[in-house]
Amino acid sequence: DYQKPAIRLSALMGVPSIYVWSHDSIGLGEDGPTHQPVEQLATLRAIPGLDVVRPADANEVGIAWKTILENHENPAGIVLTRQNIPTYARGEGAAEGDTFASTAGVAKGGYVLAEASKDGETADAQVILIATGSEVQLAVQARENLQAEGIATRVVSMPCVEWFKKQDEAYRESVLPGYVKARVSVEAGLALGWSEFVGDAGRSISLEHYGASADYKRLFNEFGITAEAVTAAAKDSLAGLSA
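Rules behind the numbers
- Residues numbered from 1 in each chain as written.
- Predicted model: local features only at pLDDT ≥ 70, side-chain atom pairs only at ≥ 80, totals over all residues.
- Heavy atoms only, no water.
- Pairing = 2+ DSSP bridges.
- Helix = DSSP H or I, 4+ residues; strand = E, 2+ residues; numbered from the N terminus.
- Axes fitted to C-alpha atoms, helices over the stretch in contact; angles between N-to-C directions.
- Contact = heavy atoms within 4.5 Å.
- Salt bridge = Lys/Arg side-chain N within 4 Å of Asp/Glu carboxyl O.
- Buried < 20%, exposed > 50% of the residue type's maximum accessible area, 1.4 Å probe, protein only.
- Phe/Tyr/Trp six-rings, centres within 6.5 Å; stacked < 30°, edge-to-face > 60°.
- Patch = residues over 30% accessible without salt bridge, like charges linked within 9 Å, V, L, I, M, F, W, Y side chains within 5 Å.
- Areas by Shrake-Rupley, 256 points an atom, 1.4 Å probe, with all protein chains shown as cover.
- Expected span 1.5 Å × (residues − 1).
- Arc of directions from axis to C-beta.

## Examining the sheet that holds strand E2 (residues 51-53)
With respect to topology, three strands assemble into an open sheet ordered E1-E3-E2, the strand pairing being parallel. With one partner strand each, in any of the chains shown, strand E1 (18-21) and E2 form the two edges of the open sheet. Strand after strand, the sheet turns through a mean of 15° between neighbouring axes, direction not considered. Note: E1 against strand E3 (residues 76-79), four bridges, orientation parallel. By the bridge assignment for E3, Tyr19 is matched with Gly77.

## Thoughts on the sheet that holds strand E10 (residues 203-205)
Spatial strand order, E4-E8-E7-E9-E10: five strands in an open sheet with mixed pairing. Only two strands of the sheet have a single neighbouring strand rather than two, namely strand E4 (111-114) and E10. Averaged over all neighbouring strand pairs, the angle between strand axes comes to 30°, with direction disregarded. The pairing of strand E7 (residues 127-131) with strand E8 (residues 153-157) spans five bridges and is parallel. Bridging across to E8, Leu129 finds its partner in Val155. Taken strand by strand, helix H9 (residues 227-242) contacts E7, strand E9 (183-186) and E10, and its axis lies near 170° from that of E10.

## Here we look at the pattern of salt bridges
Under the criterion given, the structure shown has eleven salt bridges. The residue Glu187 makes a salt bridge to Arg45 at a minimum N-O spacing of 2.9 Å. Of the two residues, Glu187 is situated in the loop between E9 and helix H7 (195-198) and Arg45 in helix H2 (residues 40-45); the sequence distance between them amounts to 142 residues. Take Glu187 and Arg45: they sit in the same class, and that class is buried. With a closest N to O distance of 3.4 Å, Glu196 and Lys165 form a salt bridge. One end of the pair, Glu196, is in helix H7; the other, Lys165, is in helix H5 (residues 161-165), and 31 residues separate them in sequence. Shared partners join several salt bridges into a network, and the residues in it are Arg45, Arg54, Glu135 and Glu187.

## Here we look at the packing of aromatic side chains
Scanning the entire structure with this criterion turns up five aromatic pairs. Between Tyr88 and Phe100 the ring centres are 4.4 Å apart and the planes differ by 35°, which places this aromatic pair in the tilted class. Here Tyr88 is found in the loop between E3 and E4, whereas its partner Phe100 is found in the loop between E3 and E4, with twelve residues between them in sequence. Tyr88 sits in the buried class, given a relative accessible area of 9%. Residues Phe164 and Tyr171 carry aromatic rings whose centres are separated by 6.3 Å and whose planes lie at 65° to one another, so their mutual orientation is edge-to-face. For Tyr171, a relative accessible area of 16% puts it in the buried group. Ring pairs connect the aromatic residues Phe164, Tyr171, Trp194 and Phe197, which therefore count as one cluster.

## Let's talk about a nonpolar patch on the surface
A cluster of nonpolar side chains, contributed by Leu9, Leu12, Met13 and Val15, occupies part of the molecular surface with about 390 Å² of accessible area. Among the structural elements, Leu12 can be located in helix H1 (residues 4-13).

## A short note on H9
With 16 residues, H9 should reach 22 Å at 1.5 Å per residue; the first-to-last C-alpha distance of 23 Å fits that figure. Considered for burial, the residues of H9 that qualify are Ala227, Val230, Thr231, Ala233, Ala234 and Ser237. Projected down its long axis, H9 carries its buried residues within an arc of 165°, all on one side. Exposed residues on H9 whose side chains face more than 90 degrees from its buried face are Glu228 and Ser242. Its buried side turned inward, H9 meets E7, helix H4 (136-148), E9 and E10.

## Remarks on unusual backbone geometry
You will see that Asp119, though not glycine, has its phi angle at about 55°, which is positive. Along the chain, the position of Asp119 falls in the loop between strand E5 (117-118) and strand E6 (121-122). Residue Asp119 is classed as exposed on the basis of its relative accessible area, which comes to 80%.

Here it is, written out as structure tokens:
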């Protein structure tokens, strides 16, 4: 909040400043609610001309950083986590049959990280899970749960809403096809802004209040930011369509 005037002015003037923020969620629970950016992602995304980048793993960080450096038109803030999170193998480092896409889509702001499948074959998605940052792992885990029950599930990593919205309609439709109405957004902050992507039938895993002082695992369990909660929200979204 103390930094906000400078951030806003850099966006207003089109200065390509780069901000690096390291406290990305209530995951830093031991520091208490005063240090938890519950509303910060939403308020930063509300600043015109500012790119807010929240990469999911080390591979996304590399591409995101390169993309930020190549843009000289406006400022960007990269939001990093202090938690231990998985790094998903891509490209040559991926095991045979690995489900994770290359990082080519990171620069487009949103991309299909893991495609929907049934019986080991690619299938049309029945539900789409849209996640950012350290919560992408929850969407990946929920996808495994849902597909084990026969529900074809696509995971979309959305590191930068601003970059995604700059893409043409054809690309955005390829990532978030309009015919898939069952959707869940997953972010450890306000749901404000995610309705644009999940629609009327979608659900949001979010935090609509300030957190508490506790270990991050306990906080996520207490406040329902878990793979189980994502799984349940996906089923609820699907059930709402058939009601």
